[in-house]
Amino acid sequence: MILVYLDTRDSILLKANDTSFHALYHIIQQADLNSNIWYADSFNKGLIIDELSVSLPALEKMIASLRERGLLIKLQRGKYKLPDHFLDC
């Protein structure tokens, strides 16, 4: 098994060509790691938009792409869960 840390500044997510993975890096940074929950409120989205220099519709497409891939699980409107295997230690 290969263990890769996703939350470091040299994360493999930031080296990917797919900007959805760049967004995932920032989502992991904002998530409450005790509950494994990310709140997609306007403040958190705004921080990601500023960091990635993208528009809100572009970020929404990235979030939808991450959901389709099973990398974000929608719990309710504006509330997402990261897959449990992201935090296995």
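See the structure printed just above.
In this text the structure is predicted, and so the values were computed from the model without any measurement.

Procedures and definitions
Residues numbered from 1 in each chain as written. Predicted model: local features only at pLDDT ≥ 70, side-chain atom pairs only at ≥ 80, totals over all residues. Heavy atoms only, no water. Helix = DSSP H or I, 4+ residues; strand = E, 2+ residues; numbered from the N terminus. Contact = heavy atoms within 4.5 Å. Areas by Shrake-Rupley, 256 points an atom, 1.4 Å probe, with all protein chains shown as cover. Polar contact = N/O pair within 3.5 Å; in protein donor to acceptor, adjacent residues only side chain to side chain. Expected span 1.5 Å × (residues − 1). Buried < 20%, exposed > 50% of the residue type's maximum accessible area, 1.4 Å probe, protein only. Pairing = 2+ DSSP bridges. Axes fitted to C-alpha atoms, helices over the stretch in contact; angles between N-to-C directions.

Colleague: Any chance you could break down the overall build of the chain for me, citing the residues and the numbers?
Modeller: The secondary structure content of the chain amounts to 4 helices and 3 strands. Taking contacts inside the chain between residues at least 6 apart in sequence as the whole, the part at least 24 apart equals 44%. With the model as given, the accessible surface of the chain reaches about 5,800 Å², and the carbon-plus-sulfur share is 53%.

Colleague: Give a detailed account of the environment of D84, specifying residues and quantitative values.
Modeller: Secondary-structure assignment places D84 in the segment after β3 (79–81). For the pair D84 and S35, spaced 49 residues apart in sequence, the C-alpha to C-alpha distance is 9.9 Å. Within polar-contact distance, the side chain of D84 engages the side chain of N36 at 3.4 Å.

Colleague: Kindly report on helix α2 (residues 19–30), identifying the contributing residues and their values.
Modeller: For an α-helix, 3.6 residues make a turn, and residues three or four places apart therefore share a direction. Across its 12 residues, α2 extends 17 Å between first and last C-alpha, which sits within 8% of the 16 Å expected from 1.5 Å per residue. Here α2 has its buried residues at S20, H22, A23, L24, Y25, H26, I27 and I28.

Colleague: Tell me about the sheet that holds strand β2 (residues 73–76), and please be specific about residues and values.
Modeller: Across the sheet, 3 strands lie side by side as β1-β3-β2; this open sheet has antiparallel pairing. In the strand order of this sheet, the two ends are held by β1 (37–39) and β2, each with one partner. The average undirected angle you get between the axes of adjacent strands in this sheet is 35°. For β1 and β3, the ladder comprises 3 bridges, and the chain directions are antiparallel. Following the sheet pairing, W38 is matched in β3 by Y80.

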